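# Examination of the molecular architecture
The residues making up each chain are set out below.
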Amino acid sequence: LAQDFPRFTCSATVMRVAAGFASVAWGTKLSLDLSAFTGEFTVSVDGTPWLAGNEYQVAGHSAVKQDLVILNAGTSTGTDPLGDYNATMLNWGNPQDKVPLMQTGFRQYGHDPGMVVFEQLFLKELNATEVAGSDLAAATIFPSFKRPGKGQAPAASAALDGFSYHGVFPRIEPCTLSNFTETHQGGVPLVLYNRSDASLPMVVFSPLNYPMAHHMASTGDFVGAGVKATVQVIPKGWSQLFVLSAGTGINKGLMQWGDRMLKFTGKLRTDNRFLDDIHGKIGFWTDNGGFYHYSIGDNASLGKNYEEVLPKVKEYHDELGVPFGHWQFDSWFYPKDGKVSPGGGGGAVTNWTALDSVFPSGMAAIQEKLGVPMVMHNRQWSPRSDYIHNLSYAWYSSEKAAVPEDPPAFFDWFFKQQEGWGLGMYEQDWMCTEYDEVSAIQANITMGDLWLYGMAKGAADSGRTVQYCMPYSHEILSAAALPAVTNARATDDYFHGVDQWSVGHTAMYYWALNILPFKDGFYSSSLPQVGGQTVGPETSPDRETIMATLSCAMVGPMDGIYLLNKTRVMATCNAAGVVLKPDRPVTATDEGFRRGDSARPVFATESLVRGWGQISYVFASNTGEIVPGDLNLAPSNSYVVYNWYSGELSSLANLTGHVQVGYEGHAYIVVTPVVQGWALVGEVDKYVTASEVRVVGIAPGKAGPAAVLKGVKGETVRFCAAPVATMALECHSVEFPWDGEQRVLFGAREVVVQG
């Protein structure tokens, strides 16, 4: 990973800089007030001071302790991937020897006053002793933000709510600037917002480049960030960038942050929902918690190993009429250097190919029998692997894991070894273990990002995509630069994690970086899955299936043979198995943040229907509380609410908080605009009633709307709308004798279907 090392010409003149640009037609605006004499700065949001800082740290020296001082300062202009900027730079060093150690830069962009970029540029190499001079999680600090009540922190900072992402499968954790605490590889992105303003003005703070090299850090006085303290050497010229991005609304503000991140990395915001049959069609998964995870069941008549059993499972799916478009193999198929625990943990991979006891005829042979694209799981590399013993690639090894010293070279070779497997998506699991066990990833400033870059490039060059599993937040941030990483697990393993169905809060983060949030596989049936790894039973299969569908990632049932619930699975897709997805992944609504309840389990997404408008889907778990604010709407007769479970239609004006829940105890509604006296509900037998996969568009008819629908040969579609005057649902059944489009007219005395 080559790095562009910017240089600035700095003047010895010390000045006070009141930085800012003329008002630009942009959303929420950040302004910066900076003293080049002391380094004190204040960031204001739309004119109100929110954040202030004055602590800088490097090589064990501190500005607050006065053993780190500004040697000189200057201004410059430049261009980076975000565009043209004006910069103010402060050169810092020890007052005794006056050797420049670190240059801190403040970048502002005239075309986009909604962000400030902070740079740490290292003017000399810092060795292990100098880096180890801090006892914080970051060896260097800039920027830092004063905690409320410390120094001259802005009064508004005490009123800000916030949250950040922590742990494996990064989860949202509420915080404020007063109580924020970083965790191992966690604490970013950090979001601060003002819930006293219903529009929710907010800022997002995160690394902008080399996220695996950074860490958040805090004391009782400040919250800050810098190069992680585990790094042994910071090379001269290293540039670590951080961004403070402003926005309005939690969901929109995170998307604005994501747009800025992607603009910097060059990763395009592409639509991967239907990239291929793995992303776009229902699939059969064998992940942890599923029937076939380290189990082939107890029906001896089906066979004695996976090679004999799995083709019979596929025959059952085909006979049932469930057209799975891909399969997933988990860690049970390849050899490891230790036993696997019931939770899936255990040994590391020694050779990523089939165990003789699993597929005696090999990987290509089982692919011939299944004949669908494959997602295949891998875990951390064993220090005793065949790749270390038999190949010329050098490795960094520890007792339990290893990583190649040259990831691009190794993965370029590695992804050429799966000919005939049908491998379409590479699932890298146990990413946290790989990071934690291999000290080189922690000690080498480039190694973490290089490991992920090499993996993604090797997959992309071989025509495959990548799924992250068990990632830390830093690894998700690194994927902002990696187009091959199309999706990542957003929840814990099925049946092994708390609220493992709940994707909405993590989805806000992932989707901002163009990463689909995968929910993990699930049981579609409420029957006990006797003989499988996990018997269950699943008590809320609808909730599992709805969340998987609304996630816009893969939909992966994991039921045993003869146990699949066809009706529930087919409610996710069309007759060809293409998932009827909304336009974007389901996310937590802004309403919870307005209420100060950032964990509120109410999630929403939508379909934009040409000629009609936005049709929204809202899910509330274990509660019937949904309000118009969940859609950023006021109570109105301009929208109609359809209760997916009860079939009841009502005006949005009557949505006062309680929605009748379904048989599993949760609520699911469709909200549709009223157009010319009609409410379009759509395909009521499906979870997403107006997906772009089904609806081409709507046009006014003489008596009611005319819908143009897409279907596949042999499919029958039931499509519904209602005149608001009667709130009586009118449904038409449309048969497709061929792949193509059909036109349905509502309001006519007789059912009219036109091919």
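Cut-offs and rules
Residues numbered from 1 in each chain as written. Predicted model: local features only at pLDDT ≥ 70, side-chain atom pairs only at ≥ 80, totals over all residues. Heavy atoms only, no water. Helix = DSSP H or I, 4+ residues; strand = E, 2+ residues; numbered from the N terminus. Rg over C-alpha atoms; globule rule 2.2 N^0.38 Å. Buried < 20%, exposed > 50% of the residue type's maximum accessible area, 1.4 Å probe, protein only. Contact = heavy atoms within 4.5 Å. Areas by Shrake-Rupley, 256 points an atom, 1.4 Å probe, with all protein chains shown as cover. Lys, Arg positive; Asp, Glu negative; His and termini not counted. Charge placed at Lys NZ, Arg CZ, Asp CG, Glu CD. Pairing = 2+ DSSP bridges. Axes fitted to C-alpha atoms, helices over the stretch in contact; angles between N-to-C directions. Phe/Tyr/Trp six-rings, centres within 6.5 Å; stacked < 30°, edge-to-face > 60°. Lys NZ or Arg CZ within 6 Å of the ring centre and 35° of its normal. Core = buried A, V, L, I, M, F, W, Y, C linked by side-chain atoms within 4.5 Å. Parallel < 35°, antiparallel > 145°, perpendicular 65-115°, else oblique. Nonpolar A, V, L, I, M, F, W, Y, C, P; charged D, E, K, R; others polar. Expected span 1.5 Å × (residues − 1). Left-handed = near helix turned anticlockwise from the far one by under 90°. Disulfide = S-S within 2.5 Å. Polar contact = N/O pair within 3.5 Å; in protein donor to acceptor, adjacent residues only side chain to side chain.

Another aspect to go through is the overall build of the chain. Counting its regular elements, the chain contains 15 helices and 42 strands. Taking 755 residues into account, the globule formula puts the C-alpha radius of gyration at 27 Å, and the chain, at 28 Å, falls close to it. On the principal axes, the C-alpha backbone points of the chain span a range of 90 × 65 × 40 Å. For the chain, buried positions account for 61% of its 755 residues. Considering only contacts within the chain whose residues lie at least 6 apart along the sequence, 68% involve residues at least 24 apart. Summed over its atoms, the accessible surface of the chain is roughly 26100 Å², and 50% of this surface lies on carbon and sulfur atoms. On the chain, the mean spot of the 52 positive side-chain charges and the mean spot of the 74 negative ones are 4 Å from each other.

Every other side chain in a regular strand lies on the same face of the sheet, so the side chains alternate between the two faces. Pairing geometry for strand β36 (residues 678–682) and strand β39 (residues 715–723), over 4 bridges, is antiparallel. Counted as the bridge partner of Ala-679 is Ala-722 from β39.

In space, the 3 strands of this open sheet follow the order β11-β17-β16, with antiparallel pairing throughout. Both outer strands of the open sheet, β11 (144–146) and β16 (214–218), are each paired with one neighbouring strand and no more. Neighbour-to-neighbour, the strand axes of this sheet turn through a mean angle of 15°, independent of strand direction. With 5 bridges connecting them, β16 and strand β17 (residues 222–227) associate as antiparallel partners. Each residue of the ladder has a partner; that of Met-216, found in β17, is Ala-225.

Before going further, it helps to examine the packing of aromatic side chains. Counted under the stated rule, the structure contains 68 aromatic pairs. Ring geometry for Trp-352 and Tyr-426: centres 5.5 Å apart, planes at 75°, overall edge-to-face. With a gap of 74 residues between them, Trp-352 in the loop between β20 (326–329) and α5 (363–370) and Tyr-426 in strand β24 (residues 423–428) connect regions that are remote in the sequence. For the pair Trp-352 and Tyr-426, one class covers both residues: buried. Ring centres 5.3 Å apart and planes at 85° place the aromatic pair Trp-644 and Tyr-645 in the edge-to-face group. As far as the burial class goes, Trp-644 and Tyr-645 line up, both buried. The cationic tip of Lys-336 hangs over the ring face of Tyr-334; the distance from NZ or CZ to the ring centre is 4.5 Å. When the ring centre of Phe-274 is taken as origin, the NZ or CZ atom of Lys-581, which lies over that ring, is 5.3 Å away.

Let us look at the sheet that holds strand β27 (residues 516–518). If you walk across this open sheet you meet the 7 strands as β19-β20-β21-β24-β25-β26-β27, and the pairing is parallel. Every other strand in the sheet has two partners, leaving β19 (283–284) and β27 as the edge strands with one partner each. The pairing of strand β25 (residues 465–468) with strand β26 (residues 485–489) spans 3 bridges and is classified as parallel. Opposite Gln-467, over in β26, you have Asn-487 as the bridge partner. Lying on the sheet, helix α12 (residues 504–512) is in contact with β26 and β27; it crosses β27 at an angle near 145°.

It is worth spelling out the environment of Gly-740 at this point. Relative to the helices and strands, Gly-740 is located in strand β41 (residues 740–745). For Gly-740 and Lys-713, which are 27 residues apart along the polypeptide, the C-alpha to C-alpha distance reads 7.9 Å. Ignoring sequence-local partners within four residues, the contact set of Gly-740 consists of Leu-709, Lys-710 and Gly-711.

Another aspect to go through is α12. Because each turn of an α-helix spans 3.6 residues, side chains separated by three or four positions in sequence point in the same direction. Burial analysis of α12 places 9 of its 9 residues in the buried class, the great majority of the element. Where α12 ends, the next residue or the one after it, Asn-514, has phi of about 65°, a positive value.

The biggest cluster of nonpolar side chains holds 218 residues, and the ones touching the most others in it are Phe-329, Phe-333, Trp-352, Phe-359 and Tyr-468. When residues of this core are assigned to their parent elements, the largest contribution, 7 residues, is made by helix α10 (residues 447–461). Sequence-distant contacts of Tyr-468, defined by excluding residues within four places in its chain, comprise Gln-428, Met-431, Leu-452, Met-455, Glu-475, Ile-476, Ala-479, Leu-482, Val-485, Asn-487, Ala-488 and Arg-489. By size, the runner-up hydrophobic cluster in this structure holds 13 residues, among which are Ala-604, Leu-655, Val-659 and Val-671.

Moving on, we come to the packing of helix α2 (residues 250–265) against α12. It is at 8 Å that the axes of α2 and α12 come closest, and there the two elements cross at 30°. Between α2 and α12, the angle falls in the class roughly parallel. The residues of α12 that touch α2, namely those facing Ile-250, Asn-251, Leu-254, Met-255, Trp-257, Gly-258, Asp-259 and Leu-262, are Met-508, Tyr-509, Trp-511 and Ala-512. Counted by class, the contact of α2 with α12 contains 9 nonpolar, 2 polar and 1 charged residues.

Another point: α2. Compared with the 22 Å implied by 1.5 Å per residue over 16 residues, the 22 Å span of α2 between its first and last C-alpha is a close match. For α2, the full list of buried residues reads Ile-250, Asn-251, Gly-253, Leu-254, Trp-257, Gly-258, Arg-260, Met-261, Leu-262 and Phe-264. Just downstream of α2, Gly-266 is the residue with a positive phi angle, here 85°.

Before going further, it helps to examine the packing of helix α7 (residues 407–414) against α10. Running from amino to carboxyl end, α7 crosses α10 at an angle of 25°, the nearest separation of the two axes being 8 Å. Here α7 lies roughly parallel to α10, going by the angle between them. Helix-helix and strand crossings are classified by hand; for α7 and α10 the assignment is right-handed. Contacts between α7 and α10 involve Pro-407, Pro-408, Phe-411 and Asp-412 from the former and Met-447, Leu-450, Trp-451, Tyr-453, Gly-454, Met-455 and Gly-458 from the latter. Residues of the contact of α7 with α10, tallied by class, amount to 8 nonpolar, 2 polar and 1 charged.

Now for the state of the cysteines. Per the counting criterion, the structure on display carries 1 disulfide. In this model Cys-720 forms its disulfide with Cys-731; the gap between the sulfur atoms is 2.0 Å. With the S-S dihedral at roughly 110°, the linkage between Cys-720 and Cys-731 falls on the right-handed side. Here Cys-720 is found in strand β39, whereas its partner Cys-731 is found in strand β40 (residues 730–736), with 11 residues between them in sequence. When its relative accessible area of 0% is taken as the criterion, Cys-720 is described as buried. Among the residues examined, Cys-731 registers a relative accessible area of 27% and is labelled partly exposed. Cysteine Cys-432 is unpaired, with the sulfur of Cys-469 as its nearest cysteine sulfur at 8.9 Å.

You can see Asp-161 is positioned in strand β12 (residues 161–166). Here the side chain of Asp-161 touches Arg-195 through a polar contact of 2.9 Å, side chain to side chain. When near neighbours in sequence (up to four residues on either side) are disregarded, Asp-161 contacts Cys-175, Val-191, Leu-192, Tyr-193 and Arg-195.

Cis rather than trans, the peptide bond between Val-188 and Pro-189 has omega equal to -10°. By the secondary structure assignment, Pro-189 is in the loop between β13 (171–175) and β14 (190–193). Of note, the phi angle at Leu-200 is positive, near 60°, even though the residue is not glycine. Relative to the helices and strands, Leu-200 is located in the loop between β14 and β15 (201–207). According to the relative accessible area criterion, Leu-200 is buried, its value standing at 0%.

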